[in-house]
Amino acid sequence: MNDLKEGREQWGSRLGFILAAMGSAVGLGNIWRFSYVTGESGGAAFLLIYILCILAIGIPILMAEFTIGRRAQSDVVGSFETLAPGKPWVLAGFLGVASAFIILSFYAVVAGWSLHYFVQYLSGGPSIDAEGGYGGYFGEFISSPLQPLFWQFAFMVLTVGIVFVGVKKGIEKSNKILMPLLAVLVLVLAGYSMTLGGAQEAIAFLFTPDWSSLTDPNVYFAALGQAFFSLSLGMGALITYGSYLSKKDKLPGAAVSVAGLDTLFAIVAGLMIFPAVFAFGIEPDSGPGLVFITLPGIFDSITGGGIFGLAFFFLLSAAALSSGVSLLEVAVAYFMRKFQWSRQKTAIFIGFIIFILGIPSSLGLGILSDVQIFGRDIFDTMDFIASNIFLPIGGLIIALFVGWGWKKADALDASDFGDTLIGNGWILILRFFAPVAIFIIFLSSIGVL
Ligand code: PHE
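What you see is a predicted model; the values in this text were computed from it and never measured.

Parameters and conventions
- Residues numbered from 1 in each chain as written.
- Predicted model: local features only at pLDDT ≥ 70, side-chain atom pairs only at ≥ 80, totals over all residues.
- Heavy atoms only, no water.
- pLDDT = per-residue confidence, 0-100.
- Contact = heavy atoms within 4.5 Å.
- Phe/Tyr/Trp six-rings, centres within 6.5 Å; stacked < 30°, edge-to-face > 60°.
- Helix = DSSP H or I, 4+ residues; strand = E, 2+ residues; numbered from the N terminus.
- Buried < 20%, exposed > 50% of the residue type's maximum accessible area, 1.4 Å probe, protein only.
- Lys NZ or Arg CZ within 6 Å of the ring centre and 35° of its normal.
- Near = heavy atom within 4 Å.
- Polar contact = N/O pair within 3.5 Å; in protein donor to acceptor, adjacent residues only side chain to side chain.
- Areas by Shrake-Rupley, 256 points an atom, 1.4 Å probe, with all protein chains shown as cover.
- 1 Å grid on protein atoms, 1.4 Å probe; cavity = no way out; pocket = protein on both sides within 12 Å on 5 of 7 lines; lining within 4 Å.
- Sits in = over half its atoms within 2 Å of the grid points.
- Core = buried A, V, L, I, M, F, W, Y, C linked by side-chain atoms within 4.5 Å.

1. Regarding the confidence of the model for the protein chain
Chain-level statistics for the protein chain give a pLDDT mean of 94 and a share of 97% at 70 or above. Across residues 1-5, confidence stays below pLDDT 50; counting only partners more than four residues off in sequence or on other chains, it has 14 contacts.

Following this line, the structure appears as structure tokens:
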């Protein structure tokens, strides 16, 4: 990044920024989390509400984050302090930093699984005995105490390494090459997966809603959380990235491209996973292991498919890395400014704390699996608190801030919308629709409505 404003870094180009934001959005959320949550939430009805959440709540709040970041030119906390000094909006900033810690802590666990599978495919793929199949292999792997921790650590080292040299240098290039490659591979695998015999069932599962589940508040709750998680929304990752943007770029186009691509990615990933899930007789609600027990079966059924496995888990790990970087950057940008530490020292220090924080999540799937909090293991609890609670609340505050805490003319100007119909519609959504929708989904899922 060119050192423009008082040494603050800047993206090399508008494309560089869009790619970085896409790199943040596209990751394990689209493939791993999307497919297992869709599977657990019953398929099509969930998918429908998820898409509605993206369109009606996600994109407007994404625009709000870009706008805040670029105007304030600071980290999440600093952005609110700059734009609204002494006001309580900064709460969203602290919530964002907390979310960054929590999400990256368990994200690194799953990214570690992906690294492990990648390394397995260097020598032909995970070796399984006939009985347990890939489910057995996966179960054994995640419940062994040390192995997953080793890979989680390895992922954190890579993430810290990139944040250490600076986000732009670290990821602009890899996003430009590896993300499109992953897209092509997922597309090809989806096409192949459809030939395995489960296509019809998968299409019905994904696209024919069981209308009765539209009255289940938990489906809305899950869809909202997934929308926020997948778009990297509600915790300031995109405020932070927006803050490395110069004034001359146009925001609305960027917001729509990021959200559009992210959603497309998830849907194609669904078309890759579910036909195989049904063809192999795997339960769609198998939980967080779903892609790790399904995909090896696909690779197995292709002659020489090990090479696909290798490429897939390599590219998935790279996608996870560019998302992990955006998570770590939120915390690092804040602590660097707050304590005047160097980027290098901050990255290592915060990265280490996040690794430690993630250990219980990893062990919660093995030796600590007896520890249950309201029926959830430690891993699920961390994910639930961050994705389903913190992110939507953070998004709620961000929407209210741009809608009410900022002069309308200022917000319209800072967003590049100007005083247009779309701009005014955007403000209306941030003022009323998005906050009310989030609020209602929350109340109904805790049984108040
Ligand atoms: N959106 C990322 C993914 O889909 C995860 C993420 C969440 C990144 C929140 C940053 C902030 O993998």
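2. Examining the packing of aromatic side chains
Within a pair of aromatic rings, the relevant descriptors are the distance that separates the centres and the angle that separates the planes. On inspection of all chains with the given rule, the structure shows 42 aromatic pairs. Relative to Tyr 244, the ring of Trp 11 has its centre 5.9 Å away and its plane inclined at 75°; by these criteria the two rings are edge-to-face. Residue Trp 11 is found in the segment before helix H1 (14-25), and its partner Tyr 244 is found in the loop between helix H11 (237-242) and helix H12 (251-279); the two are separated by 233 residues along the sequence. For the pair shown, Trp 11 and Tyr 244 are each scored as buried. With a centroid separation of 6.0 Å and an interplanar angle of 45°, the aromatic rings of Phe 299 and Phe 312 are classed as tilted. Of this pair, Phe 299 sits in helix H13 (residues 290-301) while Phe 312 sits in helix H14 (residues 306-339), placing them 13 residues apart in sequence. Neither residue differs from the other here; Phe 299 and Phe 312 are each classed as buried. Taking NZ or CZ as reference, Arg 33 lies 4.9 Å from the ring centre of Phe 229, over its face. The ring of Phe 384 carries Arg 376 above its face, with NZ or CZ at 3.8 Å from the centroid.

3. Quick word on the site of the ligand
Around the ligand, a shell composed of 14 residues is seen, among which Ala 25, Gly 29, Tyr 107, Phe 229 and Ser 232 lie nearest. Separating an oxygen atom of the ligand from a backbone N or O atom of Gly 29 is a distance of 2.8 Å. The protein chains hide 100% of the 320 Å² of surface that the ligand would expose on its own. Cavity membership is defined here by more than half of the atoms lying within 2 Å of grid points; on that basis the ligand lies in the largest cavity.

4. Some details on the nonpolar core
Counting 161 residues, the largest nonpolar core has Trp 32, Ile 61, Phe 66, Trp 113 and Phe 312 as its most contacted members. Ranked by residues supplied to this core, first place goes to helix H5 (residues 91-122) with 18 residues. What Ile 61 contacts, discounting residues up to four positions off in sequence, is Phe 228, Leu 233, Gly 395, Ile 398, Ala 399, Leu 430, Ala 434 and Ile 438.

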